[in-house]
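Residue-level structural notes
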Amino acid sequence: MKIFCIFIVLAIICALCSDKMDQAVKADKKVKRVIIVISVVVLLISTITIIITKFA
């Protein structure tokens with residue numbers, strides 16, 4: 001369960017820094033969208049897994 005909390009924190013940090021990463025590679029917001037989508041997916045999967053392990 002500890003690892004899922006780490007994934008949640010990393011997903012939030014990546015989402016917050018996605019604009020700076022996009023500017024670094026000069027990708028016209030394409031990289032930002034990909035990073036946001038990946039962050040949201042990781043956040044959802046980690047949250048669902050934490051909820052399932054609490055009720056199992």
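Structure: above.
Computed from a predicted structure; not experimentally measured. (Residues numbered from 1 in each chain as written. Predicted model: local features only at pLDDT ≥ 70, side-chain atom pairs only at ≥ 80, totals over all residues. Heavy atoms only, no water.)

Let's talk about the overall build of the chain
- From N to C terminus, the chain includes two helices and zero strands.
- Here the C-alpha atoms of the chain give a radius of gyration of 13 Å, more than 25% beyond the 10 Å that 2.2 N^0.38 yields for 56 residues.
- Each of the three principal axes of the chain carries a C-alpha extent, and together these read 45 × 15 × 10 Å.
- Summarising the internal contacts of the chain: among those between residues at least 6 apart in sequence, 55% fall at separations of at least 24.
- For the chain, the exposed surface amounts to about 4,400 Å²; the carbon and sulfur share of it is 77%. (Helix = DSSP H or I, 4+ residues; strand = E, 2+ residues; numbered from the N terminus. Rg over C-alpha atoms; globule rule 2.2 N^0.38 Å. Contact = heavy atoms within 4.5 Å. Areas by Shrake-Rupley, 256 points an atom, 1.4 Å probe, with all protein chains shown as cover.)

Notes on the side chain of Ser 46
- Structurally, Ser 46 is set in helix 2 (residues 30–55).
- Residues contacting Ser 46, with those up to four places away along its chain left out, are Phe 4, Phe 7 and Ile 8.

Topic: unusual backbone geometry
- The backbone of Lys 26 shows a phi angle near 50°, a positive value even though the residue is not glycine.
- Considering the arrangement of structural elements, one finds Lys 26 in the loop between helix 1 (2–25) and helix 2.
- With a relative accessible area of 71%, Lys 26 lands in the exposed category. (Buried < 20%, exposed > 50% of the residue type's maximum accessible area, 1.4 Å probe, protein only.)

Structural notes on the pattern of salt bridges
- Inspection of the entire model under this criterion finds two salt bridges.
- A salt bridge links Lys 29 to Asp 19; the nearest nitrogen and oxygen atoms lie 3.0 Å apart. Of this pair, Lys 29 sits in the loop between helix 1 and helix 2 while Asp 19 sits in helix 1, and the two are 10 residues apart along the sequence.
- Given a relative accessible area of 27%, Asp 19 falls into the partly exposed group. (Salt bridge = Lys/Arg side-chain N within 4 Å of Asp/Glu carboxyl O.)

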